[in-house]
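The chain contents come next:
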Amino acid sequence: MVRFPIGDDTEGLTRRGLLRGAAGLAATGLVGAGLVGAGPAGATATQADRGGTLMVTVPAEPPHLCSAFDSNMGPCLIGSKVLEGLIAFAPDLSPIPVLARSWDISDDGLTYTFALRENVLWHDGHPFTADDVVFSFREAWSVLHPFGRTAYANVVAAEAIGPHQVVFRLSAPAPYLMSYMNVFGAQVLPRHVYEGTDIRRNPANWAPVGTGPFRFVEWRHGSHVRLERNAAYWRAGLPYLDSIVFRFIPDPLARALALRSGQLHMAVSSAIAYPNLRLFDDPDRYTIDGGDGTFLFSQFLLHFNMRQPVLADRRVRLAMQAAIDRDRLLALAFAGHGKAADGPLPSTLAKFHVPATGGGYDPALSERLLDEAGLPRRVDGVRLRVALDFIDTVNIHIPEFLRQQLRQVGIRLDLRVGDLASYLRRIYTDETYDMALNTAHALPDPSLGLQRLYWSKSIVRGVPWSNGARYANPDLDRIMETAARDGDTARRWADIRQWQEIARRDLPILNLIEQQWVTVADNRVLRPSRQADGLFASYADVSLAAQATPA
Amino acid sequence: MGVNLPPTLRRLLGIPVARVGLALMALVLATALLGPWLVGRDAWDLAGPPLLWPGQDGRFPLGTDSLGRDLAAGLAGGAAVSLAIGIVSALIAALLGTLIGAVGGYYGGAVEHLFGRVTDLFQTVPPFILAVVTVAALPPSLTSVVVAIGAVSWPATARLVRTRFLVLRESEFVLAGRMIGMGDIRLITTQILPSVLPPIIVLTPLTVGTAIQTEAALGFLGLSPPDLLTWGKMIGEGREQLLDAWYICGLPGLAIMTTVLAFNLLGESLNRLMAAGAREGR
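Please read these numbers as outputs of a predicted model, since none were measured by experiment.

**Brief notes about the UniProt feature "transmembrane region" (unreviewed entry) in chain B**
Residue and element names in this part refer to chain B. Here, the residues flagged by UniProt with the feature "transmembrane region" (unreviewed entry) are residues 20–39, 75–108, 128–154, 200–225 and 245–266. This span, residues 20–39, is 100% helix and 0% strand, and a straight line between its end C-alpha atoms measures 26 Å. Helix makes up 97% of residues 75–108 and strand 0%, with an end-to-end C-alpha separation of 48 Å.

**Some remarks on the UniProt feature "domain: ABC transmembrane type-1" (unreviewed entry) in chain B**
Under the UniProt annotation, "domain: ABC transmembrane type-1" (unreviewed entry) lies at residues 79–267 of chain B. What you have in residues 79–267 of chain B is 83% helix and 0% strand, and the ends, taken at the C-alpha atoms, are 20 Å apart.

**Remarks on the interface of chain A and chain B**
Counting residues at the interface gives 23 residues for chain A, matched by 19 residues for chain B. Between chain A and chain B lies a buried interface of about 2,000 Å² when both sides are counted; carbon and sulfur atoms form 51% of it. At the junction of chain A with chain B, the criterion picks out 6 salt bridges. A salt bridge links B:Arg69 to A:Glu400; the nearest nitrogen and oxygen atoms lie 2.6 Å apart. Across the contact surface, chain A and chain B share 11 residue pairs in polar contact (both at pLDDT 80 or more). Broken down by secondary-structure element, the contributors of at least two residues to the side of chain A that touches chain B are helix 6 (252–260), helix 9 (326–333), helix 11 (397–408) and strand 16 (411–418) of chain A. The element that contributes the greatest number of residues to the side of chain A that touches chain B is helix 11 of chain A, accounting for 7 residues. When its residues are assigned to classes, the side of chain A that touches chain B shows 11 nonpolar, 4 polar and 8 charged.

**What to know about the sheet that holds strand 6 (residues 155–160) of chain A**
Residue and element names in this part refer to chain A. Taken in spatial order, the 4 strands of this open sheet run 4-5-7-6, and their pairing is antiparallel. Only two strands of the sheet have a single partner each, and these edge strands are strand 4 (100–105) and strand 6. When strand polarity is set aside, the average angle formed by the axes of neighbouring strands in this sheet is 15 degrees. Sheet contacts for helix 3 (residues 130–141): strand 5 (111–116), strand 6 and strand 7 (165–170); angle to strand 6, the most-contacted strand, approximately 155 degrees.

**A few points about the UniProt feature "domain: Solute-binding protein family" (unreviewed entry) in chain A**
According to UniProt, the feature "domain: Solute-binding protein family" (unreviewed entry) maps to residues 95–449 of chain A in the numbering used here. Between the end C-alpha atoms of residues 95–449 of chain A there is a gap of 18 Å, over a span that is 25% helix and 24% strand.

**Observations concerning the side chain of A:Gln451**
Residues and elements named next belong to chain A. Locating Gln-451 in the fold gives a position in helix 14 (residues 451–454). On the basis of relative accessible area, Gln-451 is assigned to the buried category, the value being 3%. Leave out the neighbours within four places in its chain, and Gln-451 touches Pro-446, Ser-458, Met-480, Ala-484 and Trp-499.

**What to know about the packing of helix 3 (residues 71–107) of chain B against helix 7 (residues 155–168) of chain B**
Packed helices, taken two at a time, are described by the angle their axes make and the gap between the axes. All names here are of chain B. Running from amino to carboxyl end, helix 3 crosses helix 7 at an angle of 30 degrees, the nearest separation of the two axes being 7 Å. For the pair helix 3 and helix 7, the sense of crossing is right-handed. In this structure, helix 3 contributes Ala-93, Ala-94, Gly-97, Thr-98, Ile-100, Gly-101, Ala-102, Gly-104, Gly-105 and Tyr-106 to the contact, and helix 7 contributes Thr-157, Ala-158, Val-161, Arg-162, Phe-165 and Leu-166. A class-by-class count of the residues in the contact of helix 3 with helix 7 yields 9 nonpolar, 6 polar and 1 charged.

Rules used in this analysis
Residues numbered from 1 in each chain as written. Chains lettered and ligands numbered in written order. Predicted model: local features only at pLDDT ≥ 70, side-chain atom pairs only at ≥ 80, totals over all residues. Heavy atoms only, no water. UniProt positions renumbered as here; feature names shortened; annotations may be inferred. Helix = DSSP H or I, 4+ residues; strand = E, 2+ residues; numbered from the N terminus. Contact = heavy atoms within 4.5 Å. Buried area = accessible area lost by both parts, 1.4 Å probe. Salt bridge = Lys/Arg side-chain N within 4 Å of Asp/Glu carboxyl O. Polar contact = N/O pair within 3.5 Å; in protein donor to acceptor, adjacent residues only side chain to side chain. Nonpolar A, V, L, I, M, F, W, Y, C, P; charged D, E, K, R; others polar. Pairing = 2+ DSSP bridges. Axes fitted to C-alpha atoms, helices over the stretch in contact; angles between N-to-C directions. Buried < 20%, exposed > 50% of the residue type's maximum accessible area, 1.4 Å probe, protein only. Left-handed = near helix turned anticlockwise from the far one by under 90°.

Put into structure tokens, the structure is as follows:
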């Protein structure tokens, strides 16, 4: 059953922690294939199902394919088939070995030792070694990656202690560190290709050289990226597919039609617009799955500019929360996919999440709060006029919905749409905004994904996706800083509970929807194993049922 | 005919196509003026259940979109917007085109060369692209849209006017006017312009039609101001539902078609009228 080549090469590291890793693996039952899910998506490929070209579409053409210095999802949706990380995540978020075949975390939480896979080759024939991991950490993850600086803040050194063994030494425990070691947070780059170059401008970002199951073949801008089978992949016998083509189709409806007509097999990362999902409501032909983005714990949110005097009044922010019916927003603009948010942490992050006790839809309360804040309705019925900024890729129905809801309580919302660059400039550099819509990934640990949104030290002018609300609370700062370096689980969880309480009370950010990244796949696509980071799965064990290549 | 109509209008009504055009235009005008009052509901309101088909619910005779907004209210509100933008920007185009054409054509030489090249420049850039760039560069407002459409619609008028002026400035009545000491401005406005006016009048309704289409296309692309509900925007926002709720796009599409057709038929009829007048030596 266990096809994943792990049990046979554990020599070298025999410590307890190593076994812990391996035992966790066996417990998840994910090492083999076909254990999670049922129906076509859970089926295992037979010999007849080898080969074929998988046609996939993504929401947008990414600017490049390297995730080692870029936290956006786009590059990784494609790059994760070519390059790999040390680990991946099972649906329950426990780590699965990838380039690291096992790991050991010292009891004090200050030393992480990774045993790397041997006999792994880069696509250009160079052997993969510990030097590649050390190089990637030192030159990319810890210095260039936008969130790496936080994630690796406690890591003081990374060393190769043998050709296939890496040690990370920490100044303080970082209980969240393992939650970021996948291909999205810690993509391993080939040192021999990147060393001595400007990593962000290296041509390999557009034609990656990796260790993954698929080799990069071509990128036709405006059309597609083609990947081909890596015959020398370290998982014997994989991948099943001959090639993968990522098609770039700018129009969402055209993507839906291409999938319906069979020109595509699969649309990932909500490439099919929510209203169009109804077109695929036929379990005999299609599988609609919201689980591939679990690892991101994304929230669709609205953040207030706390430096605008009127919005600095907590009552005004609470009034907005009470004026917006999040369940209705979910039903109308997200076609019911996801969940109405109730606080800073998504409820799916169950081990940390504390359910909210208030904060629901209550327009009467909203009006009362606005009255108390000294904002009576004027002759025209308007109490307050504020602007809402959003990126042009946001479904326009969302801001239009919010405008109508706030209008009921006398708040006039001016919608300001912009492209990504002008949005980022206005929010994070010029700070000339009132409120902004945004999607934030909470990631499996709040210290990784959420701290940057609430921490006063991440108020950094010009840095995108930092503390855009410009919110500063010394108490919360201290709690977050403690939580980020506390090895004691019970104490840490108590801190995170308090963090949620403060964030709900102060409300610098109004969380609207716990977002799902929906994958729609033709049932001919067989995906035996599932991951919490399935958006960034390598597709090594994905196959197409026989004769499924589109005409 | 019992009613004492002005002769031009009577002659216009004699053309069948013109009767159709005027009837359609009356329909659009009535929608713009009475529609919002009849519907009695804000087009942006999340008024009812989403995705109601026309006729499915008596409260929403033309159905609702995916946010539950009343499509009848949207169509009625959009009529006034489309007409206003179309007519105002066509007037801007007519004024601008006449001015540039008249000055260039009358003075000739270097002035004509300069104005001619500017006109060429505007004509070589696809007008819609130019409108998109202009709207994107200006702050989002109704005025920006009108200015953008007006600014790209004038070259056709300018060319027409310039050609007529080039011919007429050498004609005997102009030379006679100059002999008796008429100034340039007086010559242009009182002597030449009146005889150039008929083709401008024919061209302007056609420009209105084009302007309405341009506005719809801008709205479709999400470039019209966010507070303004236009037919084009309704189509753009309903596009994702094209397969399962085509009426969200179809109804405003029909409205645009009707309005543009009305103006085109009117322009066409005026053209026939003028041509007939010219044949009769009037």
